[in-house]
Amino acid sequence: MLQLALIENYSLGSKIILGIFFAILGYMLLHFAVKMIEMAYVLKHRKPFYVHFYYFLRKLNKEQKTILANEFRFYKKLSDKNKKYFEHRVASFIKDKDFIGRGGNAMTEEIKVLISATAVMLTFGFRDFYIGLLSKIVVYPTKFYSKSNDSYHKGEFNPKLKALVLSWEDFKKGFDVHNDNLNLGIHEFAHAIHINSIKERDVSSTIFSDSFKELSEMLSKNETLRTEITTSKYFRKYAYTNQFEFLAVAIENFIETPQEFKDEFPQVYEKLKQMLNFNYAGY
């Protein structure tokens, strides 16, 4: 009887182990199948299969929500549903990053909310919006001395230190005039997103980096378009420093003057829209 009981227990244990094995195998096969289906969708449509899916939505506190509602134009234009998603992402971004004040700068809710909202705005068409290569946001009251080239900067992104450094004074100036195509926060976050897209392989990073390659190839092959861009005065001269600066400046223009951009350079505009998966608030 004892031997029979042992055999039955052994048989039951084997069945449980086999059941777990096949459950894990089934999950892996399903996960792989979903990935393949999405990859086919991405290749065809150049956008993620889905963007917003959350088990629960984080909330901003009353002060944070008031700052966002009163001071961030992009948020005001969103639908009620997208406003909830935007708030969730801002709250999540604040929780995920270390905000550090330097040069006597006190870290306020306004600083955290508006800087986070800028990052969330640029990645609102991404599924993964955290910018994994960024962990610290350092904020000075004004221009700061940078050891990278022994000069004073308004902002910089340091991928080795995973740090974005900003002058709060100049960050605020970027939003004081909403259509001059000069926005420090957008510019520096564009650099962070660009470099992050090179390092990461999530679906949104892949779309961003592939779209940038397509844009670069289009510009390299189309001499007429290049000439029109460089002689138009629509992009400021700093855009022609290198490819990274051109993209950061182009994203500033895309966010601040989308209709003018679309009218002037529709091919470039569409690549930027594809790159950011931007289908919100009049874009």
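For the structure itself, consult the block above.
Residues numbered from 1 in each chain as written. Predicted model: local features only at pLDDT ≥ 70, side-chain atom pairs only at ≥ 80, totals over all residues. Heavy atoms only, no water.

Engineer: Mind showing me how you'd approach the side chain of Ser92 here?
Structural biologist: Relative to the assigned elements, Ser92 resides in helix H4 (residues 80–96). According to the relative accessible area criterion, Ser92 is buried, its value standing at 1%. A distance of 2.8 Å separates the side chain of Ser92 from the backbone oxygen of His88, its partner in a polar contact. Residues contacting Ser92, with those up to four places away along its chain left out, are Arg58, Phe129 and Tyr130. (Helix = DSSP H or I, 4+ residues; strand = E, 2+ residues; numbered from the N terminus. Buried < 20%, exposed > 50% of the residue type's maximum accessible area, 1.4 Å probe, protein only. Polar contact = N/O pair within 3.5 Å; in protein donor to acceptor, adjacent residues only side chain to side chain. Contact = heavy atoms within 4.5 Å.)

Engineer: How should the side chain of His52 be read in this particular structure?
Structural biologist: Among the secondary structure elements, His52 is positioned in the loop between helix H1 (2–45) and helix H2 (62–71). Within the structure, the side chain of His52 is placed 2.6 Å from the side chain of Tyr54, a separation counted as a polar contact. Among the polar contacts listed, one links the side chain of His52 to the side chain of Tyr280, at a separation of 3.4 Å. Setting aside residues up to four positions removed in sequence, His52 forms contacts with Asn82, Tyr85, Arg89, Phe124 and Tyr280.

Engineer: What is the right way to look at helix H10 (residues 243–256) in this model?
Structural biologist: Structural remark: α-helix, 3.6 residues per turn; residues separated by three or four positions point the same way. With 14 residues, H10 should reach 20 Å at 1.5 Å per residue; the first-to-last C-alpha distance of 20 Å fits that figure. The buried fraction of H10 is high, at twelve of 14 residues. Those residues of H10 not exposed but buried are Glu245, Phe246, Leu247, Ala248, Val249, Ala250, Ile251, Glu252, Asn253, Phe254, Ile255 and Glu256. In this structure Asn242 caps H10, since a side-chain oxygen of it lies 3.0 Å from the backbone nitrogen of Phe244. (Expected span 1.5 Å × (residues − 1).)

It is worth stressing that arrangement in space is one thing and function is another; only the former is reported here.
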